[in-house]
Amino acid sequence: MSVPLSPIKTALLGSPRATLADALMSLTAPQLQKAVDMGFEKTNSQLREYLRQNDLLNKGAGGTTAVVALLLPTREAPDAHVASRLVVASVGDSQSFLGCYSDHDVTYFPMSRKHHWCWLDEHARLKQHNAAIVNVMGSEYLMDPSHTNCIAMTRALGDFEYEPVGLLHQPEVTHHMLTGWREFVLVLCSDGVTDVMPPDDVVKFLGEFYQKFLDAVGAPSKQRITEEACTALINKAKSLWSESGFTPDTDNISAIVVFLRHTPLNLAALVPGTEPMAAATTSTPVASTPVALAPVAPVPVPGPFEGTAAAAAASTQPQVPTGQSGSMY
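This one's a predicted model, so the numbers in the text were calculated from it and none came from an experiment.

> How do you make sense of the sheet that holds strand β9 (residues 183-189) when you look at a structure like this?
The strands making up a sheet are joined through hydrogen bonds of the backbone, oriented either antiparallel or parallel. Ordered in space as β4-β3-β9-β10, the four strands form an open sheet in which the pairing is antiparallel. Edge strands, defined here as strands with exactly one partner in the open sheet, are β4 (105-110) and β10 (255-259). Averaged over all adjacent pairs, the angle separating strand axes in this sheet is 20°, with direction ignored. Strand direction decides the pairing type here: strand β3 (residues 95-102) and β9, joined by six bridges, are antiparallel. Bridge pairing in β9 places Ser-96 opposite Leu-188.

> Even after reading the chapter, I still don't get the nonpolar core, so can you show me in this structure?
In globular proteins that are soluble, nonpolar side chains generally tend to be buried together. Ranked by size, the top nonpolar core spans 31 residues in total, and within it Val-202, Leu-206, Leu-233 and Phe-259 carry the most contacts. Mapped onto this core, the elements with two or more residues apiece are β4, β9, α6 (199-217), α7 (222-243) and β10. Ignoring anything within four residues of it in the chain, the contact list for Val-202 reads Phe-97, Val-187, Val-193, Met-197 and Leu-233. Core analysis: the second largest hydrophobic core is formed by 13 residues, Leu-70, Leu-72, Val-87 and Val-91 among them.

> What is the right way to look at the pattern of salt bridges in this model?
Any two side chains of opposite charge can pair, on the condition that their charged atoms come close. Under the criterion given, the structure shown has 11 salt bridges. A salt bridge links Lys-114 to Asp-195, with the nearest nitrogen and oxygen atoms 3.9 Å apart. Of this pair, Lys-114 sits in the loop between β4 and α4 (120-128) while Asp-195 is found in the loop between α5 (191-194) and α6, placing the two residues 81 residues apart along the sequence. For Asp-195, a relative accessible area of 43% corresponds to the partly exposed category. Between Arg-125 and Glu-122 there is a salt bridge, with its nearest N and O atoms 2.8 Å apart. With Arg-125 and Glu-122 both in helix α4 and three residues apart, this pair spans about one turn of that helix. Exposure class is identical for Arg-125 and Glu-122. Each is buried.

Cut-offs applied
Residues numbered from 1 in each chain as written. Predicted model: local features only at pLDDT ≥ 70, side-chain atom pairs only at ≥ 80, totals over all residues. Heavy atoms only, no water. Pairing = 2+ DSSP bridges. Helix = DSSP H or I, 4+ residues; strand = E, 2+ residues; numbered from the N terminus. Axes fitted to C-alpha atoms, helices over the stretch in contact; angles between N-to-C directions. Core = buried A, V, L, I, M, F, W, Y, C linked by side-chain atoms within 4.5 Å. Buried < 20%, exposed > 50% of the residue type's maximum accessible area, 1.4 Å probe, protein only. Contact = heavy atoms within 4.5 Å. Salt bridge = Lys/Arg side-chain N within 4 Å of Asp/Glu carboxyl O.

Treat this as a map of the structure, not an account of what it does.
Written out as structure tokens, the structure reads:
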């Protein structure tokens, strides 16, 4: 999903001589949040107008998820080959994650979270709106007010019929500082990829592909290796859908791959026994605390939860939301 840059540029550029890169480097986290919010707001308004003109508004025509990343230099290192600041904005269940060097391997760190009812903050908002969650074939869905249609997420663009029951189109924005040497690849993808390839498998697949490509081709252009890696990832996801008994077009399969270091992995050269560093520090939480709902009670009751937002951001083990059962609020 593409979010138009025009409102972001309008918010950022203070003079006709300023460049977008200059403006972005100067922005504080709240200013970036406002600019990104404007981009999502305009996109959502354009979707509303399109649906209205085609007599599809509030008729279950469907909206979209979105995940956006800004890789930025900083004033301290404006000419750095590796961007040191990462801003991620998302709605829905598309994901963003970093593939990073770990001891003799690559691992991943989540840069965003899937927006589902099982997160404490999302669950509280839905409850305030008297929303209904139903279980369909083992998965939980948010019902629209008429109980005619349902959706698997709690934030999205263009799904206006669910706004009365708490669905948001405003993105969750997270800010990260990169180490500049451990980060290997940035991935943004829809759940058509991650439903059959967990993020850990994705980054390992890309790491192996990258190394094999270098061994076979030598030193290809950045564009070529990036395009071929992204194509290989999409084809791998399609084959896994087929192996699962589904057609490759069962779900949307979209991905963006950005290699942050165009050098051989040299994993063996990493010092064994060193503790993996956190891939990013955040000024806003990567994820809030997941909550488990009681499986038998007619009214969901917040149950035990693990960790804190700070721990989720710093942990080398990504925090995964856990929901057990759907009930009517």
